[in-house]
Amino acid sequence: PHVAVLIVAAGSGTRLGAGVPKAFARFAGATVLEHAVRGAFGVGRLVVVAPPESIDEARAIVEPIDPEAVVVGGGASRQASVAAGLAVLEPGIRIVLVHDAARALTPRQQLEAVASAVAETGAGVIPALPVSDTIKLVDGQTVLDTVDRSRLAAVQTPQGFPREPLDRAYAGATAEYTDDAALFAAAGGIVVTVEGSPLAFKITTAADLARAEQEAGDAVG
Ligand code: CTP
Ligand code: MG
């Protein structure tokens, strides 16, 4: 009841190259946005941030799933799109999950786990997975060092935060951050991890869209 899920879907999908904004690219019989909204439905109040020129198209996808969802236009950067979503949250919202529409197959359980962890800890909470590749520190072609993998984590969304400090962090942000947790931490917030899921991978390229098609088929049987 006090949770909002802010789904950012306003990107252009340049690397995917589908000819439409990534939210409207299709796999397994539905758009990326429809998959994402279905996965988040029921976790909290839904706010969808769509490409400003495609708000009606986004509403036509979102409203049949959740008539209460709010759809607003995004900005030129992901951070601006998140800010646009935060601006329309109702006063009663206490916990905000910021989620990429591009992580369209994220299990609902991952959203619920992040929301619960925010409620329990009062901290920012991000899903993370161990890094399986060996990672090198390089300078151009030269290998400088092998990084200790046990101290690295690959992070996903949703990233969950208590609402007031997140609003304050966004209001005070004077730089672009790589994710919401970095922005929150730069404002002094504590961030902890919960276990992520391989299914929460981000659809970035055409190969990722093919993987999503495959995974969605596997899930059905
Ligand atoms: N996003 C957004 N507003 C932007 C940029 C990105 O809401 N101005 C959203 C995307 O819609 C996506 C998520 O942020 O759900 C992660 O961004 P990314 O994977 O980079 O998507 P795009 O920016 O659309 O893709 P690309 O960078 O290849 O253009
Ligand atoms: Mg992008």
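Reading the values: the criteria
Per chain, residues are indexed from 1 in the order of the written sequence. Think of it this way: whatever chain is written first is A, whatever ligand is written first is 1, and the rest follow in order. This being a predicted model, a pLDDT of at least 70 is required before a residue's local features are given, and a value of 80 or more before pairs of side-chain atoms are given or counted; all residues contribute to the totals for chains, interfaces and linings. Only hydrogens and water are set aside; all other atoms, that is, all heavy atoms of the structure, feed into the side-chain values. A 1.4 Å probe that fits into a set of points on a 1 Å grid over the protein atoms alone but cannot get out defines a cavity; an open set with protein on both sides within 12 Å along at least five of seven lines defines a pocket, and lining residues are those with an atom within 4 Å of a point. Grid points are joined across faces, edges and corners, and a volume is the space filled by probe spheres set on the points. Helix numbering and strand numbering both begin at the N terminus, where a helix is a DSSP run of H or I of at least 4 residues and a strand a DSSP run of E of at least 2. Only Asp, Glu, Lys and Arg are considered charged in this grouping, and only Ala, Val, Leu, Ile, Met, Phe, Trp, Tyr, Cys and Pro are considered nonpolar; every other residue, Gly among them, is considered polar.

Looking at the largest pocket, its volume works out to about 740 Å³. In terms of lining residues, the largest pocket is bounded by 34 residues, among which V8, R15, R78, D100 and K202 are the most central. Elements represented by at least two residues in the lining of the largest pocket include exactly helix 3 (78-86) and helix 6 (180-186). Sort the elements by how many residues they give to the lining of the largest pocket and helix 3 lands first, with 3 residues. In terms of residue class, the lining of the largest pocket is built from 12 nonpolar, 13 polar and 9 charged.

This next bit is on empty space enclosed by the protein. Tallied over the entire structure, the rule returns 1 cavity of 30 Å³ or more. Considering only enclosed or pocket space, the largest cavity measures out at about 30 Å³ in volume. When grouped by side-chain class, the residues that make up the lining of the largest cavity number 5 nonpolar, no polar and 2 charged.

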